[in-house]
Every structure is written in structure tokens, then in C-alpha cells.
Amino acid sequence: MPDRPGGPGFRARVGPPSRRTRVLLLTAGVLAVLFLLFVMFAGLWTDWLWFKSVRYSSVFTAQLWTKVGLFAVFGLAMAVVVGLNTWLAYRLRPPLAAMSVEQQSLDRYRMGIAPYKKWLLIAVSLLVGLVAGAAASGQWRTWMLWTNQTSFGVKDSQFHLDVSFYAFELPWYEFLLGFAFSAVIVSLLASVVVHYLYGGLRLQGPGRKASTGAQGHLAVLLGLFVLLKAAAYWLDRYALAVKSGAYKGVDGWTGLRYVDANAFLPAKTILFFVAIICAALFFLTPIRKTWAPALIGFGLMALSAVLIGGLYPAIVQQFQVKPNEQAKETPYIQKNIDATRQAYGIADSQTQAYAPKASTNSDALKADAQTISDIRLLDPNVVSPTFQQIEQQRSYYKFPKTLDVDRYGNGQVGGQDTVIGLRELNLAGVQQRNWINDHFKYTHGYGVVSAKGNQVNDKGQPVFTESGLPSTGSLGDYQQRIYYGEETKTYSIVGGTNEEIDYSTDAGDKQYKYTGDSGVSLNNPFTRAAYAVRFAEPQILYAGAITDGAKVIYDRTPKERVEKVAPWLSIDADPYPVVQDGKLVWVLDGYTTSDGYPFASKTTLGDVTKDSLTDQRGRTLTSVNKVNYIRNSVKATVDAYTGEVTLYQWDDADPVLKTWMKAFPGTVKAKADIPSTLVPHLRYPQDMFKVQRDLLGQYHMTDANSFFNGTDIWQVPVDPTTNTGAVQPPYYMTVRMPDPAVTQASFSLTTTFVPSKRDNLAAFMAVSADPGPEYGKIRILKVPGDSNTLGPKLVQSQFNSNTDVANKLNTLKIGGDSDIEYGNLLTLPVGGGLLNVEPVYVRGRGADYPVLQKVLAVYGNDNVAFENTLEEALKKVLGNATTVTPTTPTAPTTPGTTPTTPTTPTTPGTVNAEQAKAIADAQKAFNDGEAAQKAGDWAKYGEAQKALKAALDAAAAASQQKTG
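Every chain begins its residue count from 1, and numbering advances along the sequence as written. Only residues with pLDDT of at least 70 get local features here, since the model is predicted, and only at 80 or more are side-chain atom pairs given and counted; chain-wide, interface and lining totals rely on the full set of residues. Side-chain figures throughout are based on the complete set of non-hydrogen atoms in the structure, without hydrogens or water.

Caption draft 1: Focus on the overall build of the chain. What the chain contains, in helices and strands, is 27 helices and 35 strands. Looking at the chain as a whole, 52% of its 964 residues are labelled buried. Contact definition: two residues touch when any of their heavy atoms are within 4.5 Å. Taking as baseline every contact in the chain between residues at least 6 positions apart, the subset at least 24 positions apart corresponds to 70%. Here the chain displays about 42200 Å² of accessible surface, and carbon together with sulfur accounts for 58% of that area. The secondary structure listing takes helices from DSSP runs of H or I that are at least 4 residues long and strands from runs of E that are at least 2 residues long, numbered from the N terminus. We call a residue buried when its accessible area falls under 20% of the maximum for its residue type, exposed when it is over 50%, and partly exposed in between, using a 1.4 Å probe and counting protein chains only. Methods summary: accessible areas were calculated by the Shrake-Rupley approach with a probe of 1.4 Å, and residue burial reflects only the protein chains presented.

Structure (C-alpha cells):
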């Protein structure tokens, strides 16, 4: 019987492993390496397939080859420089090492590395080359901007260089300088180690501490270091124009101030020449055979840096600037004001004084009839649960927490304000969760749900204009399936023989096979293996459900698709859906940014775009979060069915966009290519507006003296309808600004300001959000500081403290059985004053959604209404003004024209049927509008005005057709 392991007579095997064991270990090692390589390759390969499927493969290849090129060039350069200097240090070693205890202790190290010194040199060089190459490849944006730069056509006020120098050139030069510093420092360290190891440098013993070879080699490297420092001093002069710091309450204040221009700037110039002289002394060291002049020069340079670069500016600041700071700094403050307003697109903002009246009359309200009729009662941030409860239809659908506001109605710019949401797929609502259901069966959402923004029904619910499953209503026929949306965050496998659940009815599930051309084919087993690795799902490799023709679709949210094909854009946090030409598309706003605009103060996008709805809407993402230049340069669309991404040039004057279009040719279409049916739905983006309003809190002051004194600083008010303490979001509304040049209400993005650390109103701001000549025009109504006009917090307080309102609110709460939810607090300039309107929603305890029950309104500071309908609330706060009939009802006009009475279009000869119908429609709309104004029904009046304009347009078109 053989001895058992560990028992008497057992002998453990000793010595090298058997041949079989070695083969097995080697095989396992090779397989492990191959698997790791395949995992790395799978990511690259699947990315390439994705870019190819969306027809943006040029973006992938341009990025890839740029990164590879930078990695290779700078990695090789670093490896060669470090390797050459290390080899040179070895070649310059003394023939005989000094006999000392120090050198004897180093003998064992020299002997230990002797057999491997060649491979050690190669390994060290490759290592530093890999690190340098990886760092350089991350500079692909800087390289592309430098090589494709476009002139701004604007020069800075200090050095009189084009802004493109600071935005595109200076960052690249600073990178090159940093790389050169790294190469010299690493070479210097490696050389010191080698010289010391082989006796070229000694720390102990009598005589010279450095051999002639070591002395010359290190002196040249130190000379190069000092020469690079001279170059750094020279570049620092220009960097002063984009230097940031806190000043006058602006955290990102950028540009030169008095001490910079009159102390730091000349100091940098002097230090440049000092460094040049010091570098020359180091280069002369091998000839003079002594370190003394070079070390003395280096010491003087260091002393000069302290005295000239540090002490002298401090003296100037203390004894010249502080005693007369305002006079010294105002010229530089003015430069900052002008540059900041230009860089953020607020230079053309128009500010006018506006003293709100406490009451109004019918004549004053005439021009604002459209504003009043289109007051949005539906709060898109509150009614999502209402859409969910009424229109969800199935548990595996959901609506976003915040719905969107768009315009629909007449197919032209200026339609009816509409609250819109998509019925997107919600896998959490699927009752039977498994891999097949999650990725093969439940693949898409279905249909649009929309409602009028200014109306509710008798139950306080939205008046839907598109609803049901499938959706039907005013939007006509369109592809309703939503394969790409804000909630589609996982991959799906479609096509082949796979039958998906299209939608469900009481009769059962409807099946569907995807026919779109998006996705990556899974016919190739190698591709399936790559995606099995990418998604960490081995079933993709062998699942029988994947048949010929099957495709995988992923990266399906609109935001990530646009960010992926345009990595140089920052994308607005709020994509919104549009029904256009029989398609359902997502519209996204893309921003080009820079942090290199001289004298323009910097801001952090992630901070200034936060408000009380940020967590519901999403966050702005940007590769460079701190910027001082921004343009809404691109409008992008993502087809909800095919996932097709299209980029359109929106700002054709933006030099940053032009630069990126050179870097990625063919990826951005011209502005003229935007479909005419899409244009009416384009709007001014929220995140851009929030950046601008944050800057205008201080930069509405265009006079440097006022800015210096800081007596008129504004801030965005805290949202009084929430308890988060976050600022109030901007609101899309149809509004007419009280400007003689503006005769018609337009779709606008609005906000209010309050004085710093006060709650009364300081200003009201609106930007025209409709595409057209007025698009992007910012108008500010500045309220007198002594008017005590109520800001949002005081308006809410006025509501809450009113005895009648409090009693009615308590009645609505029914002893605590219901919850009150306040809708958006809207501020509107109408009739020479300010009207504040706030819808009040009631959610019964245990109820799934809120319903609109009351409307709060206040005109002036004291006249508060809390009524069942908007019409009743307006009648109370506006008094008899709503019942007076205006003498001449006006048809909607374009900005800059004079309102005209509706008249019958005159045409030669007889009137055809189309003209007759249009004339009849115009007369009916005119009569309806007149009756609505007599009754004070502003909603019906607004509808009549729109119908009147449509009828007049139809009559004109019929007339032209006949005469033509």
C-alpha cells in the first residue's frame, strides 16, 4: 500500500516543475494575456462599430489618429531625450573610480546591473516615454484647436493680439513648455543618478566633487532648464490677460489689473533677460571649468524673482494702488466689463427703466392681450404625475419628472404654448424581469402626450391635444415608437426574427419587428464576442434568440449620443421632443466654450446652471467646466426611432465652432439645411440663459465706477415654491416686453432679479426664444430701487399672509387630508405694471397626482386674488380694466410693424372659394376676439387673435395665387 501524503515514508517532490506543469502554466498565462488584450480591443472595436453605425466614423478616426500621433511623437521624444542623456552620462563616467568607502559601497550596485544595463536603459526610457505619451494624447483638443485655429477678429486691449492667440495658441505653447521642462528635469535626475553611481559625482572625500564630463553634462542640462524658465517668463506676460482670481465679488475675475500691468508685466520682462544671461553662464561652465559664475547667476536670478517678481508688485499694490484704488483700477475694470459682456453674448443686452404701476386700465392692457391670454397654467415641473396617471396606460411606461414646453398650432413660429412629454419605456415596471424581456421584448416607448399650456378642464386636469395609445390628436401621423430617449439607458437587441412588444391593448399585446437602420449587426461571431465582453453578458455569444439580421442598439439617450459624436460640445441639460415631418426627434442645444478669452471673467458651468429643478432636468456636462466664452453654436437632433444624429450650425460667426468644423470636416451641416418644419420649434436654451443671467447680476453695470462701488449688484432669487433653497429656474412664456419697438408677444425665456441680500424686485429679464430677427435679444426692465416692488419671495409671502387665501388653503387641505403644491410663480410685465400668477395644485392624501384647483394672482403689491380660474383671478386683480372694450382689436404683427385692423384683402376680379373662406374666417375671428375682450376672457381672445392671423395669411396666400 503506497504511503499516503504526509504519512511515514512520504516524500514531497522537490526541484523544478514537470514539463507538463510548465506547459499548463505557460498556456494559462498566454490565455490570460490574450483575454486581457481582447478585452482592451473589444472596447476599441465596438466603439468603431458604433461610430460607423451612426455615420460619424470620421470623428472616431480623427480622435484616434490624433491621440496615437501625439502619443507616438511625444512618447518617443521623451524616451529619446531621457535615454540619450542617461547613455551620455554613462559614457562620460571617469575611467577609474576614486578609492573611497563611498565608491566601494557602490561597487556591488554597479556589478549587479552590469549584465542588464542595456535592457535597464531601454526599460527606463520606454517607461518615461509611455507616461509622457499618455499625457500628450490627452491634449488632443489643444492640438486640434492649434492646428485648425480661426481668427476671432477681435484684439485684446493690452497686447493687441487676436483673441485666437489666447484661445488656441497659448495653451499649446504652455503644453510644449511643460513637456520640455519635464524632459529636462527627468533627464537631469537620471543623469545625476548615473554620474553618482559611476563616480562622476562624489559626496564624500577630498578633491573635486564632479568630474569634467559630469560637470559639463549637468551644466548644459541646468542651462537648458534656465533657458526654459526664460521662455516661461515671456509666456507669463501674455498669461496675465487670462489669469483668474477673486476681485470685487467676482470669483473668476480675469485679466490684468493695475499692479499686473505696472509691476508684474515689467518684472516678467526683466526676469526674462536675467534668465537668458543666467542660462548663458551655465553653458559657459564646461569652458571655464568652474561652477562659480553660473551658481552666482542662478542665485541672482532667484533673488530677482523674489524682489522684482514678488516684493516690488507688493510695494506697488500697497503704496500706489490702495491709497487711490478706484482711480487706478477703473481702466482695467472697464476692460474686464467690456470683454466679459462680449465673451458671453450679453454686450447687446438692452436695459430700460420700468416703474411698475399699482393699477392699470383697458387701454394699457390692449398691447398685452396676447401675454395675458397665453399665461401658462400648466407647470411642466408639477404635472408629470398627472400625465403619468392619466396617460401612462401600462406600468412599463413613464414620463420624465419635468415635462417640456414647446409651440404647436399653425406650423409657423409663434404657435400655442404646449406642455409635452413622451411615453418612454420603464423596465422597472415590467412584471417579469429576465434577460430576454429586458433586452429583446421590451425595447421601446410609444407616443407623445401633449396639453395646452394655458388651459385645464373642469376637474383641474390638462386639456390634452395628443393622447391615447397609440397617441391621436392634433399632431397628425408620425412614427410613434421611441427607441431613443432620456430613459432608454440599456441596450436592446432588435431585428432578425425577434418580435418585440409594440404596445398593449385590452385585446392583447401588439408585436413589432424593428425596421430602422440603426444599430450594429451581430451576424459576425467575433462582433458578438466583443459585445459580450463590453456588456459583461456571455449570453450574447451563444443565445439562440439572436438570429441573422439581429442588431444591438445602445448609447441611446439623446445627450450621450450627441456628446459622443461631438466631443467638443457641451450639451444643454434639457433635450426636448419635437414632432416634425412625420418623425419624432429630440432637439438638443450644443455650446462651444473656451477659457482663453482675455479679460473676460470665468464662470463654472456646473455651478451657475444649478437651480431648484436641476436634479429633475439633469446637469450640464462639459470637458472644460470653467469657461469665459460660450456660444450656442449648434442645434442637434436625434431621431427617436432611428437614433440618427444630425448637427446643424446655428451660430455661423463663432470662431470656435469654425475651428472644430475644420478639425472634423463634414460633421456639421449648414444652418440653411435646418428643415423649415423644425425651425418653429427651436428655442433659446436654458443653460445658456442661466449663465448669462448669472453674469448680468453684476455685469449689467457697464460703468467701471459703478462696478467698483458695487452699489447695484443683483442676484437670482431663491425659488419660493420649494424648500430646497435653490434659485428660481427661468421660465418659457409668451410675453411682450414693454418696448416701443415690440408690438407683439413672443415666446420668451424669462427670469427675475432681486438686489443682493434683499427680497424686493430689482429687475425682470427676458430673451426672445423664437427663431427670427429678434432671437437672442436680451431685454431687461430695471425697477427703481425705492419702489419696493415685490420680489418672488415677497410675492409668495403676500399670498401666504393674506387672511382670505389662508382660509381657503385650509379648506383645500381638508383637515390635513390633502397636500398643497405650488406651481411656477410667473412674473409678467402687463399694463404698465407687474402681474404675478401662480397655479395651486391639490393632491389628495393617497392620490397619485395633483390637480389644479386654484390660481393665485397679484397686481402691484396689495391686490391679491385666489380664485378657481385664471379669468376670475385676473378680473379681481385687474378690476374693471378687463371689461372695457378696446376701440380697435389688433391682429398679431411682426416686431417693428404697426398693428392694423383686420381688413378684407382686396383682389382684382372675383373672389375665389379659398379667398371667400379665408375672409369669412377672418371676420369670425375678429368678432370672436371682440366678444372675448368684452367678457374679459383673455384665453379666448388669444385664440381668436391667432385664428385671425392664420385667416389673414390664408387670404393673402389665396390672393397671391390668383394674381400670380
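Caption draft 2: Structural view of helix α13 (residues 384-391). Within α13 the residues assigned to the buried category are Ser384, Thr386, Phe387 and Glu391. Around the axis of α13, the buried residues are gathered within 160° of arc, so they sit on the same side. For α13, the elements touching its buried residues are β6 (416-422), β9 (448-456) and β10 (462-467). Taken from the residues just after α13, glutamine 393 is the one with a positive phi, measuring 70°. The reported arc concerns the directions from the helix axis to the C-beta atoms and nothing else.

Caption draft 3: Main features of the sheet that holds strand β17 (residues 550-553). Read across the sheet, three strands follow the order β13-β17-β16 without closing on themselves; strand pairing throughout is antiparallel. Edge positions in the open sheet fall to β13 (492-495) and β16 (520-521), since each of these has one partner strand only. When DSSP finds two or more bridges between two strands, those strands count as paired. Here β13 runs beside β17; their pairing, made up of four bridges, is antiparallel. Residue pairing across strands places isoleucine 493 opposite valine 552, the latter belonging to β17.

Caption draft 4: Local environment of the sheet that holds β6. Judged by pairing direction, the sheet is antiparallel, and its five strands sit side by side in the order β5-β6-β9-β10-β11 without closing on themselves. Each edge of the open sheet carries a strand with a single partner, namely β5 (404-408) and β11 (472-473). Bridging between β5 and β6 involves five bridges; their strand directions are antiparallel. From the neighbouring strand, aspartate 406 faces β6, where its bridge partner is threonine 418. An axis is simply a line fitted to the C-alpha atoms; with a helix, the fit covers only the stretch in contact. Between two such axes, the angle follows the N-to-C directions and lies from 0 to 180 degrees. In the packing of α13 onto the sheet, contacts are made with β6, β9 and β10, and the angle to β10 comes to roughly 55°.

Caption draft 5: Representation of helix α6 (residues 163-197) in the model. Here α6 contains 35 residues, and its C-alpha end-to-end distance of 51 Å stays within 8% of the 51 Å for a straight helix at 1.5 Å per residue. What the bend at a residue measures is the angle between two axes, fitted to the seven residues ending there and to the seven starting there. The largest bend along α6 reaches roughly 45° and is located at glutamate 169, with the proline proline 171 sitting one to four residues downstream. Every helix has an expected span of 1.5 Å times one less than the residues it contains.

Caption draft 6: Molecular detail of the nonpolar core. Residues enter a nonpolar core if they are buried and are Ala, Val, Leu, Ile, Met, Phe, Trp, Tyr or Cys, with the set joined through side-chain atoms within 4.5 Å. Core analysis: the largest hydrophobic core is formed by 146 residues, its most contacted members being Tyr531, Val552, Trp568, Leu647 and Trp660. For this core, the leading source of residues is α6, giving 13 residues. When neighbours within four sequence positions are excluded, tryptophan 660 is seen to be in contact with Trp140, Arg141, Met144, Leu145 and Trp568. Membership of the second largest hydrophobic core comes to 32 residues, among which are Val383, Leu828, Leu835 and Leu870.

Caption draft 7: Quick look at the pairing of strand β23 (residues 629-639). Most of β23 is tucked away, with 11 of its 11 residues classed as buried. In terms of strand pairing, strand β20 (residues 583-594) meets β23 through 10 bridges, oriented antiparallel. The residue bridging valine 585 from the neighbouring strand is aspartate 639, located in β23.

Caption draft 8: Examining the side chain of arginine 736 more closely. Relative to the elements of secondary structure, arginine 736 occurs in the loop between β27 (731-735) and β28 (746-755). We define a polar contact as two N or O atoms separated by no more than 3.5 Å, with the added condition that, inside protein, one atom must be a possible hydrogen donor and the other a possible acceptor, whereas residues neighbouring each other in sequence contribute only through side-chain atom pairs. Among the polar contacts listed, one links the side chain of arginine 736 to the side chain of aspartate 368, at a separation of 3.0 Å. The residues touching arginine 736, leaving out its near neighbours within four places in the chain, are Ala367, Asp368, Thr371, Val742, Thr743, Gln744, Ala745 and Pro829.

Caption draft 9: Fine view of the packing of helix α5 (residues 140-147) against helix α20 (residues 655-663). At a minimum axis distance of 9 Å, the contact between α5 and α20 shows a crossing angle of 100°. With respect to α20, the element α5 is oriented roughly perpendicular. Packed against α5, whose contacting residues are Trp140, Arg141, Met144 and Leu145, the element α20 presents Thr659, Trp660 and Ala663 at the interface. Here the term charged refers only to Asp, Glu, Lys and Arg, the term nonpolar to Ala, Val, Leu, Ile, Met, Phe, Trp, Tyr, Cys and Pro, and the term polar to all other amino acids, Gly among them. Residues of the contact of α5 with α20, tallied by class, amount to five nonpolar, one polar and one charged. In this scheme, roughly parallel covers angles under 35 degrees and roughly antiparallel covers those over 145, while 65 to 115 is roughly perpendicular and the rest are oblique.

Caption draft 10: Just the packing of helix α1 (residues 19-53) against helix α17 (residues 558-565), in detail. Here α1 crosses α17 at 100°, and the two axes come no closer than 11 Å. Judged by the angle between their axes, α1 and α17 are roughly perpendicular. Seen from α1, the contacting residues are Asp47, Trp50 and Phe51; seen from α17, they are Arg561, Lys564 and Val565. Within the contact of α1 with α17, the residues separate by chemical class into three nonpolar, no polar and three charged.

Caption draft 11: Local environment of the packing of aromatic side chains. Planes of paired rings set the category: under 30 degrees apart is stacked, over 60 is edge-to-face and the rest tilted, where pairs are Phe, Tyr or Trp rings (Trp by its six-membered ring) whose centres lie within 6.5 Å. Scanning all chains against the criterion turns up 53 aromatic pairs. On the basis of an interplanar angle of 55° and a centroid distance of 5.9 Å, the ring pair of tryptophan 253 and phenylalanine 707 is categorised as tilted. Placement of tryptophan 253 in strand β2 (residues 250-254) and of phenylalanine 707 in helix α22 (residues 704-709) is noted, with a sequence separation of 454 residues between them. Its relative accessible area of 1% is what places phenylalanine 707 among the buried residues. By definition here, charges over rings are those cases where NZ of Lys or CZ of Arg is within 6 Å of the ring centre and within 35 degrees of the ring normal. Here the guanidinium or amino end of lysine 118 rests over the ring plane of tryptophan 119, the centre of that ring lying 6.0 Å away.

Caption draft 12: Region of interest: the pattern of salt bridges. Whenever Lys or Arg places a side-chain nitrogen within 4 Å of a carboxyl oxygen from Asp or Glu, that contact is recorded as a salt bridge. Inspection of the entire model under this criterion finds 27 salt bridges. Notably, a salt bridge pairs arginine 257 with glutamate 329, separated by 3.7 Å at the nearest N-O pair. Of this pair, arginine 257 sits in the loop between β2 and α8 (258-288) while glutamate 329 is found in helix α10 (residues 325-343), placing the two residues 72 residues apart along the sequence. Of the charged contacts, one joins aspartate 574 and arginine 683 as a salt bridge, the two residues approaching to 3.2 Å between their closest N and O atoms. With aspartate 574 in the loop between β18 (570-571) and β19 (576-580) and arginine 683 in the loop between β25 (668-669) and α21 (686-699), the pair connects residues that are 109 residues apart, well separated along the chain. In this structure, aspartate 574 and arginine 683 share a single accessibility class: buried. Taken together, the shared-partner salt bridges connect Asp47, Arg534, Asp555 and Lys564 into one network.

Caption draft 13: Quick look at the pairing of β2. The buried count for β2 comes to four of five residues, which makes it a mostly enclosed element. Here strand β1 (residues 244-247) pairs with β2 via three bridges, running antiparallel. Its bridge partner lying in β2, serine 244 is registered against threonine 254.

Caption draft 14: View of the environment of leucine 541. When you line up the elements, leucine 541 lands in helix α16 (residues 539-542). Given a relative accessible area of 46%, leucine 541 falls into the partly exposed group. Dropping the residues within four chain positions of it, leucine 541 is found in contact with Pro525, Arg528, Ala529 and Ala532.

Caption draft 15: A look at a nonpolar patch on the surface. Excluding any residue in a salt bridge, patches collect residues exceeding 30% relative accessible area, merging like charges within 9 Å and nonpolar Val, Leu, Ile, Met, Phe, Trp and Tyr side chains within 5 Å. Together, Ile296, Leu300, Leu303, Val306, Leu307, Leu311, Ile315 and Phe319 make up an exposed nonpolar region whose accessible area comes to about 780 Å². With respect to the helices and strands, the residue isoleucine 315 is situated in helix α9 (residues 292-321).

Keep in mind these values describe shape, not function.
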